[in-house]
Amino acid sequence: MGKSHETFGKKERENKRLQKIRDKKEKKEQRQSEAKSKNFEDMLAYVDENGNISATPPKFPRAKVNAEDITIGVPTQTEREAEAMRTGVITFFNQAKGFGFIKDQQTQQSIFVHASALQNMVQENDKVSFEVEKGPKGLSAVQVKKI
């Protein structure tokens, strides 16, 4: 007769593996039953005016909002142009390499400008109007016009 290939160690490991599976299944069922017994209201937490977390809803009144004041969608082109046009001064421009920098008058920020974004020729210390666009390395000026 042939000898069984199952040794005591193999049987013991298999029993441990099956016991782990049973324990995991029991824990899962226990978590699910606990979750069903909890009420949604018991799980809510509120933040008061001082930033503290409490179980009771805050007493301060809510702000009223008119439905007519809410704008849904993209603003029209004229609204965006009014706020997007900026003015500044060319602080540096290299004609040979075709790039330079504009110092924005509002934010005093240095913004990159490329020769392809120019609508007419500029030099250093020229006042210009421009729009800002997010480029691969930061802000860059587009549609630059000499004032």
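These numbers were taken from a predicted model, which means no experiment stands behind them.

Caption draft 1: Structural detail: the pattern of salt bridges. One pass over the structure, following the stated rule, counts three salt bridges. Across the pair D104 and R86 runs a salt bridge whose closest N-O atoms are separated by 2.8 Å. In this pair, D104 is assigned in strand β4 (residues 99-104) and R86 in strand β3 (residues 86-94), connecting sequence segments 18 residues apart. Residues K146 and D126 are paired through a salt bridge, measuring 3.6 Å at the closest nitrogen-oxygen approach. With K146 in strand β7 (residues 138-146) and D126 in the loop between β5 (110-114) and β6 (127-135), this residue pair connects regions lying 20 residues apart in the sequence.

Caption draft 2: Broad picture of unusual backbone geometry. With phi around 60 degrees, Q108 is a residue other than glycine that occupies positive phi space. Structurally, the position occupied by Q108 is in the loop between β4 and β5. A positive phi is found at N125, a non-glycine position, where the angle reads about 70 degrees. By the secondary structure assignment, N125 is in the loop between β5 and β6.

So, how was this worked out
- Residues numbered from 1 in each chain as written.
- Predicted model: local features only at pLDDT ≥ 70, side-chain atom pairs only at ≥ 80, totals over all residues.
- Heavy atoms only, no water.
- Salt bridge = Lys/Arg side-chain N within 4 Å of Asp/Glu carboxyl O.
- Helix = DSSP H or I, 4+ residues; strand = E, 2+ residues; numbered from the N terminus.

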